[in-house]
Protein chains: 2
Amino acid sequence: MVILRLEIGDVLRSHRQRQGQTLRQVAAKASVALGYLSEVERGQKEVSSEILASVAEALSVPLSLVMREVSDRVAALEGIYIDDTYIPDTVPDAFVTEVSLYS
Amino acid sequence: MVILRLEIGDVLRSHRQRQGQTLRQVAAKASVALGYLSEVERGQKEVSSEILASVAEALSVPLSLVMREVSDRVAALEGIYIDDTYIPDTVPDAFVTEVSLYS
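Here the structure is a predicted model, which is why all the values come from computation and not from measurement. (Residues numbered from 1 in each chain as written. Chains lettered and ligands numbered in written order. Predicted model: local features only at pLDDT ≥ 70, side-chain atom pairs only at ≥ 80, totals over all residues.)

S.K.: Any chance you could explain the environment of E39(A) here in plain terms?
M.R.: By secondary structure assignment, the location of E39(A) is in helix α3 (residues 34-41). E39(A) sits 30 residues away from G9(A) along the chain, and the two C-alpha atoms are 8.3 Å apart. (Helix = DSSP H or I, 4+ residues; strand = E, 2+ residues; numbered from the N terminus.)

S.K.: I tried to follow the relation of the copies chain B and chain A on my own but got confused; where do I start?
M.R.: Between chain B and chain A, which share one sequence, the superposing operator has a rotation angle of 180° and an axial displacement of 0.0 Å; the RMSD is 0.0 Å. Taken together, the turn and the small shift mark the pair as related by a two-fold rotation axis. The share of interface residues of chain B whose copies in chain A are also at the interface is 100%, consistent with both copies meeting through the same surface. (Least-squares fit on C-alpha atoms with pLDDT ≥ 70 in both. Contact = placed C-beta atoms within 7 Å.)

S.K.: How should I be thinking about the environment of I8(A) in this particular structure?
M.R.: All names here are of chain A. By the secondary structure assignment, I8 is in helix α1 (residues 4-18). Looking at I8, the number of C-beta atoms within 10 Å reads 26, which means it is buried. In the structure, I8 is positioned 28 residues away from Y36 in sequence and 14 Å away in space, judged by C-alpha atoms. Ignoring sequence-local partners within four residues, the contact set of I8 consists of V47 and V70. (Buried ≥ 20, exposed ≤ 12 C-beta atoms within 10 Å, placed from the backbone.)

S.K.: How do you make sense of the interface of chain B and chain A when you look at a structure like this?
M.R.: Bring the parts together and some accessible area is lost; that lost area is often taken as the interface size. On the chain A side, the residues contacting the 20 residues of chain B number 20 residues. Looking at the side of chain B that touches chain A, the elements that each hand over two or more residues are α1 (4-18), α4 (49-58) and α5 (63-79) of chain B. Among the elements that take part in the side of chain B that touches chain A, α5(B) stands out by supplying 9 residues, more than any other. For the side of chain B that touches chain A, the per-class residue count stands at 12 nonpolar, 4 polar and 4 charged. (Nonpolar A, V, L, I, M, F, W, Y, C, P; charged D, E, K, R; others polar.)

S.K.: Honestly, the nonpolar core in this entry has me stumped. Any pointers?
M.R.: Proteins that are soluble and globular tend to have nonpolar side chains buried together. Residues V55(A), L63(A), V70(A), V55(B), L63(B) and V70(B) are the most contacted members of the largest nonpolar core, which totals 40 residues. If we ignore the near neighbours within four places in the chain, the residues touching L63(B) are V2(A), L4(A), V74(A), E78(A), L52(B), A53(B) and A56(B). (Core = buried A, V, L, I, M, F, W, Y, C linked by C-beta atoms within 7 Å.)

S.K.: Which parts of the structure should I look at to understand helix α5 (residues 63-79) of chain A?
M.R.: Residues separated by three or four positions in an α-helix point in the same direction, a consequence of the helix having 3.6 residues per turn. Under the 1.5 Å per step criterion, the end-to-end length of α5(A) is 24 Å for 17 residues, consistent within 8% with the ideal 24 Å. L63(A), S64(A), V66(A), M67(A), E69(A), V70(A), S71(A) and V74(A) are the residues of α5(A) that are buried. Lining the buried residues of α5(A) we find α1 and α4 (49-58) of chain A together with α1 and α5 of chain B. (Expected span 1.5 Å × (residues − 1).)

S.K.: What should I look at first to understand the packing of α1(B) against α5(B) in this one?
M.R.: Helix-helix packing is described using two parameters, namely the angle between the two axes and the distance between the axes. All names here are of chain B. With their axes 9 Å apart at the nearest point, α1 and α5 run at an angle of 125° to one another. Considering the angle they form, α1 stands oblique to α5. The two elements α1 and α5 cross, and the hand of that crossing is right-handed. For the pair α1 and α5, contact is made by L4, E7, I8, D10, V11 and L12 and by V66, E69, V70, R73 and V74, respectively. Residues belonging to the contact of α1 with α5 are distributed by class as follows: 7 nonpolar, no polar and 4 charged. (Axes fitted to C-alpha atoms, helices over the stretch in contact; angles between N-to-C directions. Parallel < 35°, antiparallel > 145°, perpendicular 65-115°, else oblique. Left-handed = near helix turned anticlockwise from the far one by under 90°.)

Printed below as a string of structure tokens:
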């Protein structure tokens, strides 16, 4: 089963890190507790709609883009599960490294 | 501010209604309380990641598609807000009706 809050957390963290912002900075801008934001990023807490909107705004990322990226990640995960059975990735690691240079 | 749970609720309800399923049928398949699912559809309750996955599965809709549709709705809403101010829709109703014939 794909767990949405893990994907939301990853997307939020990747935007924050790409911008070189600390958890503390984003938490302050979004008016949320630092510990709470940290738990959200790690997928340990469900995020409310209001807080998600605040965090996206603090990152200057449209909420629609956050959700689009979440959708893409979920789609990739769904592609490797069939009837809840994990289908192992058989692409050689060397190839994956090569391809990710372009992403 | 765009409230995500309202969009999630609308997307779930629209899939259910298009399939001609009742709240009771989907709630039973997803093993969630009828009243809870009803509140989720109306955007009155945040849905947990686990329950969202169950409901999507009960509807036979990939979670990624649900999130993609949510993202599209949020994008449309973001387009009509600038700095939290609602920009009224000035497209004539007749035109909207005409265009939606193709959607």
